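Here are the chains, one letter per residue:
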Amino acid sequence: MSNTSVLAYCRPGYENDTANELTTRYGEAAIYGYPVSKKQSGFALYHLYDDTQLENAITQFAVSQSIFPRQLVAVFCAMKDIEKDDRVGQVLEALKEGELPYSIFGAIDVEYPDTEDGKTLAKFCRKFTVPLRQALRKAGWLTAKENAGKPKLHIFFESFENCFIGYTLPNYASQDHLGICRLKFPSDAPSRSTLKLEDALVNMLSSKQQTRVLRSGGRAVDLGACPGGWTYQLVKRGMYVEAIDNGLIADSLMATGLVEHHAADGFAYKPQFGRVDLLVCDMIEQPDRVAKLMGDWLVKHWATHAIFNLKLPMKRRYETVTQAISLLVSRLDALNDAFSVKVRHLYHDRDEVTVTIIRTSEDEV
Ligand SMILES: C[S@@+](CC[C@H](N)C(=O)[O-])C[C@H]1O[C@@H](n2cnc3c(N)ncnc32)[C@H](O)[C@@H]1O
């Protein structure tokens, strides 16, 4: 029996969806194993049948190319019943006994689940990092200076007594502690929803894409815009926005002179000048209905790029999202343009995922 597994961190409540995603994708890649997840634990495991498949598993797709995982760690050691005294010594002993996949690591991260129970571990994990780092350096397992180009060692405490030890590789992992990118709420933004779009812009678009898609002077449509958190992000970047919603839009946004508010149905609205650079949409509606609408705008060239949220049902969330997206992608595949499509359950999302569709071909209309 193998002792290796892929450990995926996720939002509490999404363990089953994460496990479904891993089982489906690893199954498609003939990386066989079985998922283990516990409700509200903040993580899911995919146990591999074959130890030699571990690195193959974590390089199969990057975290940024997955939906629910916040981080994907290649676990090669699981420690149980750790005693209170000399935890550093016990971790070192476990590393000595096990077969280390790399002779040296560039950094360590001591982490815990993003749950209420996990929070009680946060202080301990922070304190524990310092002596562990020193001991690992002394043992020659950690570079003298942090080196982001090398594998990173992760010690994930499920509880004070149990932890998983594993690694991530630079091009495939999230660089954020716990796989979470925390953003500061801008005090002049009209709603907290603003953080969802900022998270998507910062974490789902490359810096090149950000420059191209969010041009100052460019045009955008925001469907389901009120009170204006998403429009705020676009206006902040100098874009003109047609904000569509029957609700009230923040006066501060109207005062910029960059926003036109139309009290209209987002499903019937057409862009004022025939097209826009970017379509964004945060309407609370059936995911397949929103995906169809986004596809219509992209196929008709009403929008060059689209960023939108799909609200998740209570059950079969992975299946619902992948079905809606694969239908949309098959429509885009019929066009001459190339698109980069990403779907992520971002830290600032709740029961929804964010989709970015960036037209990568230069022959934009
Ligand atoms: C989650 S809120 C949007 C929040 C907004 N993104 C922000 O950052 O402030 C959803 C909005 O979608 C609007 N909405 C729902 N269905 C709509 C439709 N068919 N047409 C236009 N707006 C719609 C609602 O009025 C509501 O204001």
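What counts and what doesn't
Residues numbered from 1 in each chain as written. Predicted model: local features only at pLDDT ≥ 70, side-chain atom pairs only at ≥ 80, totals over all residues. Heavy atoms only, no water. UniProt positions renumbered as here; feature names shortened; annotations may be inferred. Salt bridge = Lys/Arg side-chain N within 4 Å of Asp/Glu carboxyl O. Helix = DSSP H or I, 4+ residues; strand = E, 2+ residues; numbered from the N terminus. Near = heavy atom within 4 Å. Polar contact = N/O pair within 3.5 Å; in protein donor to acceptor, adjacent residues only side chain to side chain. Nonpolar A, V, L, I, M, F, W, Y, C, P; charged D, E, K, R; others polar. Patch = residues over 30% accessible without salt bridge, like charges linked within 9 Å, V, L, I, M, F, W, Y side chains within 5 Å. Areas by Shrake-Rupley, 256 points an atom, 1.4 Å probe, with all protein chains shown as cover. Contact = heavy atoms within 4.5 Å. Buried < 20%, exposed > 50% of the residue type's maximum accessible area, 1.4 Å probe, protein only. Core = buried A, V, L, I, M, F, W, Y, C linked by side-chain atoms within 4.5 Å. Phe/Tyr/Trp six-rings, centres within 6.5 Å; stacked < 30°, edge-to-face > 60°. Pairing = 2+ DSSP bridges. Axes fitted to C-alpha atoms, helices over the stretch in contact; angles between N-to-C directions.

An unreviewed UniProt entry annotates the protein as Ribosomal RNA large subunit methyltransferase M originating from Alteromonas australica. According to the UniProt record, the Sequence similarities (unreviewed entry) comment for the protein is "Belongs to the class I-like SAM-binding methyltransferase superfamily. RNA methyltransferase RlmE family. RlmM subfamily." Recorded in UniProt for the protein, the comment headed Subunit (unreviewed entry) runs: "Monomer."

A. Examining the pattern of salt bridges more closely. Counted by the stated rule, this structure contains 17 salt bridges. Glu242 serves as the salt-bridge partner of Arg219, at 3.0 Å between the closest nitrogen and oxygen. Of the two residues, Arg219 is situated in strand β8 (residues 219–223) and Glu242 in strand β9 (residues 240–244); the sequence distance between them amounts to 23 residues. By sharing partners, the salt bridges in this structure join Lys196, Asp282, Lys311 and Glu352 into a single network.

B. A look at the site of the ligand. The local shell around the ligand holds 17 residues, among which Ser191, Asp245, Asp265, Gly266 and Asp282 are the closest. Gly229 is positioned such that a nitrogen or oxygen atom in its backbone is 2.9 Å from an oxygen atom of the ligand. Here the shell around the ligand is composed, by residue class, of eight nonpolar, six polar and three charged.

C. Spatial organisation of a nonpolar patch on the surface. Together, Tyr32, Tyr34, Val36 and Tyr49 give the surface a local cluster of nonpolar side chains, amounting to about 410 Å² of exposed area. The residue Tyr34 is located in strand β2 (residues 33–37) in this model.

D. Focus on the environment of Gln71. With respect to the helices and strands, Gln71 occurs in strand β4 (residues 71–79). Measuring from C-alpha to C-alpha, the distance between Gln71 and Ile180 comes to 8.7 Å, with 109 residues separating the pair along the chain. Setting aside anything within four residues of it in sequence, one finds Gln71 in contact with Leu7, Ala8, Tyr9, Val63, His154, Thr168, Ala173, Ser174 and Asp176. Side-chain polar atoms of Gln71 contact the backbone oxygen of Ser174, separated by 2.9 Å.

E. The arrangement of helix α5 (residues 194–204) in detail. In terms of residue burial, α5 counts as a mostly covered element, since nine of its 11 residues are buried. In the core, the buried residues of α5 are packed alongside α6 (207–213), α7 (229–236), β12 (303–311), β13 (339–344) and β14 (352–359).

F. Geometry of the nonpolar core. Among the nonpolar cores identified, the biggest contains 46 residues, and Tyr26, Leu132, Leu136, Leu153, Ile155, Phe157 and Ile165 are the most heavily contacted of them. Per-element accounting of this core gives the leading share, eight residues, to helix α4 (residues 116–138). For Leu153, the residues in contact, after removing those within four places along its chain, are Phe76, Leu95, Phe105, Ala107, Ile108, Asp109, Leu136, Ile165 and Gly166. Listed in part, the 34 residues of the second largest apolar core include Val221, Leu310, Leu312 and Ala324.

G. Quick peek at the UniProt feature "active site" (unreviewed entry) in the protein. Here the UniProt feature "active site" (unreviewed entry) sits at Lys311. With respect to the secondary-structure elements, Lys311 resides in strand β12. The contacts of Lys311, once residues within four sequence positions are left out, are Lys196, Asp282, Met283, Ile284, Glu285, Pro287, Asp351 and Glu352. Among the polar contacts listed, one links the side chain of Lys311 to the side chain of Asp282, at a separation of 3.0 Å.

H. Region of interest: the packing of aromatic side chains. Evaluation of the coordinates by the stated rule reveals 15 aromatic pairs. Ring geometry for Phe124 and Phe157: centres 5.0 Å apart, planes at 85°, overall edge-to-face. Of this pair, Phe124 sits in helix α4 while Phe157 sits in strand β6 (residues 152–157), and the two are 33 residues apart along the sequence. Taking relative accessible area as the criterion, Phe157 reaches 0% and is therefore assigned buried. Between Phe124 and Phe160 the ring centres are 5.5 Å apart and the planes differ by 55°, which places this aromatic pair in the tilted class. With Phe124 in helix α4 and Phe160 in the loop between β6 and β7 (163–168), this residue pair connects regions lying 36 residues apart in the sequence.

I. Here's a closer look at the sheet that holds β14. Pairing in this open sheet of seven strands is mixed, and the strands run β10-β9-β8-β11-β12-β14-β13 from one edge to the other. In this open sheet, the two edge strands, each paired with only one partner strand, are β10 (259–262) and β13. Shown here is a sheet whose adjacent strand axes are inclined to one another by a mean of 15°, direction ignored. Sitting on the sheet, α5 is in contact with β12, β13 and β14, with an inclination near 125° to β12. Relative to β12, helix α9 (residues 287–299) is tilted by about 180°, and along the sheet it contacts β8, β11 (276–281), β12, β13 and β14.

J. Main features of the UniProt feature "binding site: S-adenosyl-L-methionine" (unreviewed entry) in the protein. Per the UniProt record, the feature "binding site: S-adenosyl-L-methionine" (unreviewed entry) sits at Ser193, Cys226, Pro227, Gly228, Gly229, Asp245, Asp265 and Asp282. Once residues within four sequence positions are removed from consideration, Pro227 is found in contact with Pro190, Ser191, Leu248, Ile249, Ala250 and Leu253. Relative to the elements of secondary structure, Gly229 occurs in helix α7. You can call Gly229 buried: its relative accessible area is 3%. In this structure Gly229 touches Pro190, Ser191 and Thr194, once residues within four positions along its chain are discounted.

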